[in-house]
Amino acid sequence: MSTHAESNTPTVLITGCSSGIGRAAAHRFAQAGWQVVATMRDVGQAGDLAGLPNVRVQALDVTDRASVQAAVDVTLAQFGRIDALVNNAGFGLFGPFELAGDAVIERQFATNVFGVFNVIRAALPAMRAQRGGVIVNVASVGGLTTLPFNSLYHATKYAVVGFTEGLNHELAEFGIRAKFVAPGGVATDFAGRSLSVTFADNNHPYAANVAKAMASWASRRGGYAQPDQAADVIFTAATDGTHQVRYVSGADAEALLATRATLDDAGYLALVQKTFGLNGATEA
């Protein structure tokens, strides 16, 4: 006999809900009446999510396949289906590529790319069987264009963007849509505990430009969007019923992409170098 709740209430599983966009998304879906499985590596970080009646807090580490499968199994046992899957867990890696060690590169891809793969692969059999659902992958404006000293992070987010669009073709026959949200800067601790760097100290060949880039990032944080804004876009992507695949979130992301669209490659690269005051800036 089935142990899951027989209900027409839709269910969403969200990764990376301990803070920031993931936590805001869990609140957004819960406020709309969804059953929410809010997952995170450490359930002790659940905070106010733990007290919400239609939110189940569940441990999930996207880099651990057994953990992923257990969370999906629990979701299906309790609710019977997964109507939306939001892959939000991730972290940023800042600094020169040359200085990055194997371990941090592997962790960047294990979390931001293979973690997305792990969760989707675990959820797809159920979604195919129910012949419907939406997968929303949280990418970044950094999956559509580039800025200094984020090359490895960009590599992962470009991968998510391409993967999502390609996956959408594969899943269409089963009534499943794959979409991605590309936020710009968001006022979270992403630049704090969710950010790693490739360099051990400031004694390296890139130090002068890294310092300029870090100062430039710091000066921009006051204009970042709030997590709730990104959560609203995620909710729209999951519920609008359209075949739209790309959703850009944040005024800074919209402006950056608009600027990028008006310039050729050389012009855009020169503008970025100039904006960040980098040595070796080229003329457009």
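A.B. asks: How do you make sense of the overall build of the protein when you look at a structure like this?
C.D. replies: Summing up its helical and strand segments, the protein has 8 helices and 9 strands in all. Here the protein has a C-alpha radius of gyration of 19 Å; the compact-globule value for 284 residues is 19 Å, and the two agree. Dimensions along the principal axes, computed over C-alpha positions, put the protein at roughly 70 × 40 × 30 Å. A burial count over the protein gives 48% of its 284 residues as buried. For the protein, contacts bridging at least 24 residues in sequence account for 69% of all contacts bridging at least 6.

A.B. asks: Quick question: what am I supposed to make of the nonpolar core here?
C.D. replies: A general tendency of soluble globular proteins is for nonpolar side chains to be buried together. One finds V12, I14, F29, V36, V86, V136 and I234 to be the most contacted residues of the largest nonpolar core, which totals 31 residues. Contributions of two or more residues to this core are made by β1 (11-14), α1 (20-31), β2 (35-40), β4 (84-87), β6 (133-138) and α6 (227-239). The greatest single-element share of this core, amounting to 7 residues, is contributed by α6. If you look at the next biggest cluster of nonpolar residues, it comprises 23 residues, including L13, V37, A123 and L124.

A.B. asks: Before we go on, may I ask you to explain unusual backbone geometry in this structure?
C.D. replies: When glycine is set aside, most residues are seen to have a negative phi, and most peptide bonds are trans. Phi at R131 takes a positive value of approximately 55 degrees, unusual for a residue other than glycine. Mapped onto the elements, R131 comes out in the loop between α3 (102-130) and β6. A relative accessible area of 53% means that R131 is categorised as exposed. Unusually for a residue other than glycine, F149 sits at a positive phi of about 60 degrees.

A.B. asks: Would you mind going over the pairing of β2 with me for this structure?
C.D. replies: Looking along a regular strand, one sees side chains alternate from face to face of the sheet. Buried residues dominate β2, accounting for 5 of its 6 residues. By the bridge criterion, 4 bridges tie β1 to β2 in an arrangement that is parallel. Directly across from I14, in β2, lies its bridge partner A38. Each parallel crossover has a hand, and the one from β1 via α1 to β2 is right-handed.

A.B. asks: What's the story with the sheet that holds β1 in this structure? I'm lost.
C.D. replies: Hydrogen bonding along the main chain pairs the strands of a sheet, whether they run parallel or antiparallel. Strand order in the open sheet made by the 7 strands is β3-β2-β1-β4-β6-β7-β9, with parallel pairing throughout. Two strands bound the open sheet, and with one partner strand each, they are β3 (55-59) and β9 (246-249). With strand direction ignored, the average angle separating the axes of adjacent strands in the sheet is 20 degrees. Against the sheet, α1 touches β1, β2, β3, β4 and β7 (176-183), its axis set at about 175 degrees to β1. Across the face of the sheet, α6 comes into contact with β4, β6, β7 and β9 while running at roughly 165 degrees to β9.

A.B. asks: Looking at this structure, how should I read the pattern of salt bridges?
C.D. replies: A side chain of one charge can pair with a side chain of the opposite charge when the charged atoms of the two come close. Applying the stated criterion to the full structure yields 5 salt bridges. Measuring nitrogen to oxygen at the nearest pair gives 3.1 Å for the salt bridge that ties R23 to D48. With R23 in helix α1 and D48 in the loop between β2 and β3, this pair connects stretches of sequence that are 25 residues apart. Residue D48 is classed as partly exposed on the basis of its relative accessible area of 45%. Across the pair D265 and R260 runs a salt bridge, and its minimum N-O distance is 2.5 Å.

A.B. asks: Just to check I follow, could you spell out the packing of aromatic side chains for this structure?
C.D. replies: Pairs of aromatic rings are described using the distance from one ring centre to the other and the angle between the two planes. By the definition in use, this model includes 8 aromatic pairs. Centre to centre, the rings of F29 and W34 are 5.0 Å apart; their planes meet at 80 degrees, and the pair counts as edge-to-face. One exposure class covers both F29 and W34, and it is buried. An angle of 85 degrees between the planes, with centres 6.5 Å apart, marks the rings of F149 and Y206 as edge-to-face.

A.B. asks: Would you explain the pairing of β7 in this entry?
C.D. replies: For β7, a buried count of 7 out of 8 residues is recorded, marking the element as mostly surrounded by other parts of the structure. As defined by bridge partners, β6 adjoins β7 across 6 bridges and the pair is classed as parallel. Across the sheet, the residue bridging to N137 is F180, located in β7. Where the polypeptide runs from β6 across helix α4 (residues 151-171) and back to β7, its parallel neighbour, the crossover connection is right-handed.

A.B. asks: I tried to follow the packing of helix α2 (residues 65-79) against α3 on my own but got confused; where do I start?
C.D. replies: In a pair of packed helices, the angle between the axes and the distance between the axes together describe the arrangement. Two numbers describe how α2 lies on α3: the axes approach to 9 Å, and their chain directions differ by 35 degrees. Note on packing geometry: the crossing formed by α2 with α3 is right-handed. Contact residues: α2 offers R65, V68, Q69, V72 and L76, while α3 offers N118, V119, R121, A122, A123 and A126.

Analysis parameters
Residues numbered from 1 in each chain as written. Predicted model: local features only at pLDDT ≥ 70, side-chain atom pairs only at ≥ 80, totals over all residues. Heavy atoms only, no water. Helix = DSSP H or I, 4+ residues; strand = E, 2+ residues; numbered from the N terminus. Rg over C-alpha atoms; globule rule 2.2 N^0.38 Å. Buried < 20%, exposed > 50% of the residue type's maximum accessible area, 1.4 Å probe, protein only. Contact = heavy atoms within 4.5 Å. Core = buried A, V, L, I, M, F, W, Y, C linked by side-chain atoms within 4.5 Å. Pairing = 2+ DSSP bridges. Right-handed = clockwise from strand over helix to strand, strands pointing away. Axes fitted to C-alpha atoms, helices over the stretch in contact; angles between N-to-C directions. Salt bridge = Lys/Arg side-chain N within 4 Å of Asp/Glu carboxyl O. Phe/Tyr/Trp six-rings, centres within 6.5 Å; stacked < 30°, edge-to-face > 60°. Left-handed = near helix turned anticlockwise from the far one by under 90°.

That's the geometry; what it means functionally is another story.
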